[in-house]
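# A closer look at the structure
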Amino acid sequence: MKESLVIQANNLSKKYRLGTIGMTSLREDLSRWWTRSKNGIPKHGFDQAGIDPTRMINDHEFWALHDLNFEITRGEVVGLIGANGSGKSTLLKILSRITEPSEGKVKVKGKVASLLEVGTGFHPELTGRENVFVNGAILGMTRREVDKKFDEIVDFAGVADFIDTPIKRYSSGMTVRLGFAVAAHLEPDILIVDEVLAVGDLRFQNRCINQMKSIAESGKTVLFVSHQMATVENLCKSAFLLNMGQIIYSGKTSDVIKKYREDMEESANLPISQRMIREGSGKCKLSGIEFRNDQNKVVDSLISGKSATIKLFFDIYEEITAPMSLSLGISNSTHVRIAHLCMKTFGKWILPTSQKSFQVNLSLSKLELNQGKYYVTSFLDDESGQIIDWVTDAFVINVLQSDFYGTGMVPPTSQSIFLMDHSFSF
Ligand SMILES: Nc1ncnc2c1ncn2[C@@H]1O[C@H](COP(=O)(O)OP(=O)(O)O)[C@@H](O)[C@H]1O
Ligand SMILES: [Mg+2]
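Residues numbered from 1 in each chain as written. Chains lettered and ligands numbered in written order. Predicted model: local features only at pLDDT ≥ 70, side-chain atom pairs only at ≥ 80, totals over all residues. Heavy atoms only, no water.

## Description of the overall build of the protein
On a plain count of helices and strands, the protein comes out with eight helices and 19 strands. Evaluated residue by residue, the protein yields a buried proportion of 49% over its 426 residues. Taking the intrachain contacts of the protein between residues at least 6 apart in sequence as the baseline, contacts between residues at least 24 apart amount to 71%. Counting only carbon and sulfur atoms, one obtains 50% of the accessible surface of the protein, whose full area is about 20,900 Å². (Helix = DSSP H or I, 4+ residues; strand = E, 2+ residues; numbered from the N terminus. Buried < 20%, exposed > 50% of the residue type's maximum accessible area, 1.4 Å probe, protein only. Contact = heavy atoms within 4.5 Å. Areas by Shrake-Rupley, 256 points an atom, 1.4 Å probe, with all protein chains shown as cover.)

Next up, the structure:
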């Protein structure tokens with residue numbers, strides 16, 4: 001491998017069994033279940049019934065990653081972009097040596113510190129302090145070396161009061177903060193961060209970004225996954241676009257993001273029932289949507305400030321035995337999540353039915369979005385948290401501008417996403 005390279009992958013592939021819960025994935029599945037039940041929407045899907053047929057190897061195996069060839073130079077900050085299930089986490093796990101490739105080779109030069117999922121790398125029964133030392137030892141540091149960094153780590157994570165408390169008592173935010181602080185301060189040659197920062201607050205996220213920038217400036221390599229395109233663009237000079245287990249594009253981050261958005265839009269043009277980028281058991285699938293305006297007329301676009309109804313149609317393929325809950329995640333045109341509407345919050349459930357289809361109406365008494373395009377991710381799970389149908393960017397709401405405030409003027413569209421009723425007084 002050339003001197004300047006730190007990672008080199010040749011024909012790297014990883015196969016997984018459908019629906020496996022092996023010794024290694026059980027913990028993951030539990031942690032996913034835990035993340036899901038806390039946040040309503042999962043960070044990761046693990047049921048592969050929605051796998052694209054081209055990824056299948058045989059009836060029970062599929063390619064999570066297929067034939068990747070790439071090189072990463074020392075000091076590069078690389079973003080991995082791709083829809084849910086495209087293989088980003090699998091690639092980061094291989095590079096972190098948490099799992100092995102099924103085929104092909106990957107060479108990784110130097111110490112790798114990774115922050116993969118909530119709690120990864122931490123032992124729940126050990127205290128924060130003990131975990132910091134265990135992690136240091138894993139990275140080949142002496143007790144003295146960790147000692148020197150210890151205060152800085154605790155300070156960065158803001159967990160001084162809990163440092164002698166077992167990790168299992170930490171909130172997810174605290175765990176991630178400590179996890180990042182440890183990974184970033186133990187002087188790895190390669191720092192790998194997978195999507196977890198979203199758990200922390202915005203201020204902490206910004207500190208992490210700055211920390212990663214300075215790590216990169218000191219000549220180390222950083223690999224970063226986030227759904228927040230603005231963050232990826234800010235941090236990473238170059239990026240890879242993954243799609244169904246393959247790198248389909250790489251280059252300057254802004255170009256890669258542009259390509260990703262174009263692909264997303266193309267896929268958003270397919271009828272919902274044919275959409276491939278979906279996960280879940282598939283027992284029941286979102287098959288269509290309909291927008292109705294304040295006159296109950298079917299329309300293509302909705303008007304800002306007016307009432308509206310969105311009808312969601314679902315087809316049932318297998319018997320539903322447990323109550324189900326629907327969540328909708330709304331993102332703006334740059335794919336930043338701006339709202340989350342969830343049935344569970346209202347204690348409402350879709351009850352098992354012997355029908356072949358059903359319909360859910362979402363009523364909006366006043367559409368508080370400014371003019372623009374909004375992407376809606378639909379997520380259906382059941383009482384136990386099993387994902388039934390999860391379609392990223394299932395449909396687009398096109399919002400038209402209007403005299404929202406009834407003042408005879410249209411609010412500026414360049415200033416905000418949301419509009420809210422208000423008044424000024426003197
Ligand atoms: N331990 C596992 N066993 C079986 N399938 C898995 C396992 N981990 C991930 N998968 C599946 O592999 C595919 C890629 O997953 P992942 O790498 O987590 O994607 P991403 O991080 O891009 O969302 C998905 O279909 C996922 O469900
Ligand atoms: Mg992932």
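## Thoughts on unusual backbone geometry
In this structure, Arg 97 takes a positive phi of about 65 degrees despite not being glycine. Summarising the element assignment, Arg 97 is placed in the loop between helix H2 (88–95) and strand E4 (103–108). Located in the positive-phi region is Glu 187, a residue other than glycine, with phi close to 50 degrees. Inspection of the secondary structure assignment puts Glu 187 in the loop between helix H5 (172–185) and strand E6 (190–194). A residue is classified by how much of its surface remains accessible, and Glu 187, at 45% relative accessible area, is partly exposed.

## Side note on the sheet that holds E4
The strand order across the open sheet formed by three strands is E2-E1-E4, and the pairing between neighbours is antiparallel. Edge positions in the sheet fall to strand E2 (61–73) and E4, since each of these pairs with one other strand and no more. Sheet twist, expressed as the average angle between the axes of neighbouring strands with direction ignored, equals 20 degrees. Across nine bridges, the pairing between strand E1 (residues 5–17) and E2 is antiparallel. (Pairing = 2+ DSSP bridges. Axes fitted to C-alpha atoms, helices over the stretch in contact; angles between N-to-C directions.)

## Things to note about the pattern of salt bridges
In this structure the tally under the stated criterion is nine salt bridges. Of the charged contacts, one joins Arg 292 and Glu 290 as a salt bridge, the two residues approaching to 2.7 Å between their closest N and O atoms. Relative accessible area serves as the criterion here: at 19%, Arg 292 is assigned to the buried category. (Salt bridge = Lys/Arg side-chain N within 4 Å of Asp/Glu carboxyl O.)

## A look at helix H3 (residues 128–138)
When H3 is considered as a whole, its buried residues turn out to be Gly 128, Asn 131, Val 132, Phe 133, Asn 135 and Gly 136. Buried residues along H3 sit against helix H4 (143–157) and H5. Positive phi shows up at Gly 140, right after H3, with a value of about 80 degrees.

## Describing the environment of Asp 382
Residue position: Asp 382 is located in strand E18 (residues 372–382). The class for Asp 382 is buried, based on a relative accessible area of 9%. For the pair formed by Asp 382 and Ile 320, sequence separation is 62 residues and the distance between their alpha carbons is 9.2 Å. For Asp 382, the contacting residues outside a window of four places in its chain are Ala 322, Pro 323, Met 324, Trp 349 and Ile 388.

## Here we look at the confidence of the model for the protein
Of the residues in the protein, 90% have a pLDDT of 70 or more, and the chain-wide mean is 87. The lowest-confidence element of the protein is helix H1 (residues 23–39), averaging 40 in pLDDT; the highest-confidence one is E4, averaging 97. Long-range and interchain partners of residues 21–49, a stretch whose pLDDT sits below 50, account for 60 contacts in this model, where long-range means more than four residues apart. (pLDDT = per-residue confidence, 0-100.)

## Topic: helix H6 (residues 202–217)
Given a rise of 1.5 Å per residue, 16 residues ought to cover 22 Å, and the 23 Å separating the end C-alpha atoms of H6 matches this to within 8%. Those residues of H6 not exposed but buried are Phe 204, Gln 205, Cys 208, Ile 209, Gln 211, Met 212, Ile 215 and Ala 216. Each buried residue of H6 sits inside an arc of 165 degrees when the element is viewed along its axis, so together they form one side. Turned more than 90 degrees from where H6 packs its buried face, Leu 202, Arg 203 and Glu 217 sit exposed. Here the buried face of H6 lies against strand E3 (77–82), H4, H5, E6, strand E7 (221–225) and helix H7 (229–235). In the segment just after H6, Gly 219 is the residue with positive phi, at about 95 degrees. (Expected span 1.5 Å × (residues − 1). Arc of directions from axis to C-beta.)

## Structural notes on the packing of H3 against H4
Where H3 meets H4, the closest approach of the two axes is 10 Å, and the angle between their N-to-C directions is 130 degrees. One way to sum up the angle between H3 and H4 is to call them oblique. The crossing of H3 and H4 is right-handed. On H4, the residues that touch Arg 129, Val 132, Phe 133 and Gly 136 of H3 are Arg 143, Val 146, Asp 147, Phe 150 and Ile 153. (Parallel < 35°, antiparallel > 145°, perpendicular 65-115°, else oblique. Left-handed = near helix turned anticlockwise from the far one by under 90°.)

## Points about the sheet that holds strand E11 (residues 284–292)
Spatial ordering of the open sheet is given by E12-E11-E14-E17, a layout of four strands whose pairing is antiparallel. Because the sheet does not close on itself, it has two edges, and the strands there are strand E12 (298–299) and strand E17 (357–364). Direction of pairing for E11 relative to strand E14 (residues 308–316): antiparallel, over a ladder of eight bridges. Paired with Gly 288 across the strands is Phe 313, a residue of E14.

## Examining the side chain of Thr 90
Mapped onto the elements, Thr 90 comes out in helix H2. Overall, Thr 90 belongs to the buried group, its relative accessible area being 10%.

## What about the packing of aromatic side chains?
To describe a pair of aromatic rings, you give the distance between the ring centres and the angle between the ring planes. Per the stated rule, a full pass over the model turns up eleven aromatic pairs. With a centroid separation of 6.4 Å and an interplanar angle of 45 degrees, the aromatic rings of Tyr 16 and Phe 62 are classed as tilted. Here Phe 62 lies in strand E2 and Tyr 16 lies in strand E1, a separation of 46 residues in the sequence. A relative accessible area of 27% means that Tyr 16 is categorised as partly exposed. (Phe/Tyr/Trp six-rings, centres within 6.5 Å; stacked < 30°, edge-to-face > 60°.)

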